[in-house]
Amino acid sequence: MSVAIQDLYPESNSHCFGCGRSNTEGWHLKTYVTEGQTYAHFTPDAKYTGGVPDHLYGGAVASLLDCHGTASAAAFRYLQSNTELGEDSVLQRHVTGQLNLSFIAPTPMDTELQLTGKLIEISGRKVRVKLQLLAGQKLCAEAEMLAIAI
């Protein structure tokens, strides 16, 4: 799919700092679906460094996984009832009910980060997603999210 999941949200729900297209100060994270999983890329700006020089602030890691996870949940729920995503698709927003995050290794600032998401299950309004954040081939963080349709 060539259109980002976040670009399929209604305008009224497009103001998120991490992924909202309407937030001029935000990161504008873009999540895509391919072969049954989601992915996104992000290169952090130096101002998001943490307590260890040249490494990403842990709150930013959590924020990236949070935004990628809720977008992934929206896409997985949509695809449960529809065969594909397209530019005319309208996705229902999801919010984080729970984010269980494990920091595996420090996240470097000098590289493009990759985020992935895989569906665990959908049950009613709840969607569980397995998330990873990598720098090159190095796993830096992983999480399991419970997202809830709003």
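Scroll up to find the structure.
What comes next is a walk through the structure.

Criteria and cut-off values
- Residues numbered from 1 in each chain as written.
- Predicted model: local features only at pLDDT ≥ 70, side-chain atom pairs only at ≥ 80, totals over all residues.
- Heavy atoms only, no water.
- Pairing = 2+ DSSP bridges.
- Helix = DSSP H or I, 4+ residues; strand = E, 2+ residues; numbered from the N terminus.
- Axes fitted to C-alpha atoms, helices over the stretch in contact; angles between N-to-C directions.
- Salt bridge = Lys/Arg side-chain N within 4 Å of Asp/Glu carboxyl O.
- Buried < 20%, exposed > 50% of the residue type's maximum accessible area, 1.4 Å probe, protein only.

## As for the sheet that holds strand β1 (residues 32–34)
Within a sheet, each strand pairs with its neighbour through backbone hydrogen bonds, oriented either parallel or antiparallel.
And then number 1: In spatial order, the strands read β1-β2-β4-β5-β6-β3; together these 6 strands make up an open sheet with antiparallel pairing. Each end of this open sheet is capped by a strand with a single partner; those strands are β1 and β3 (94–103). The average angle at which neighbouring strand axes cross in this sheet is 25 degrees, direction not considered.
And then number 2: Bridge count between β1 and strand β2 (residues 37–42): 3 bridges; the pairing is antiparallel. Its bridge partner being in β2, Val 33 is matched across the sheet by Thr 38.

## A word on the pattern of salt bridges
Two side chains bearing opposite charge may form a pair once their charged atoms approach each other closely.
And then number 1: Taken as a whole and assessed by the stated rule, the structure comprises 5 salt bridges.
And then number 2: Residue Arg 128 pairs with Glu 144 through a salt bridge whose shortest N-O separation is 3.8 Å. Residue Arg 128 is found in strand β5 (residues 126–135), and its partner Glu 144 is found in strand β6 (residues 138–149); the two are separated by 16 residues along the sequence.
And then number 3: With relative accessibility at 25%, the residue Arg 128 sits in the partly exposed group.
And then number 4: Look at Glu 144 and you get partly exposed, because its relative accessible area is 32%.
And then number 5: Residues Lys 130 and Glu 142 are paired through a salt bridge, measuring 3.7 Å at the closest nitrogen-oxygen approach. Taken together, the positions of Lys 130 in strand β5 and Glu 142 in strand β6 put the pair 12 residues apart, joining distant regions of the chain.

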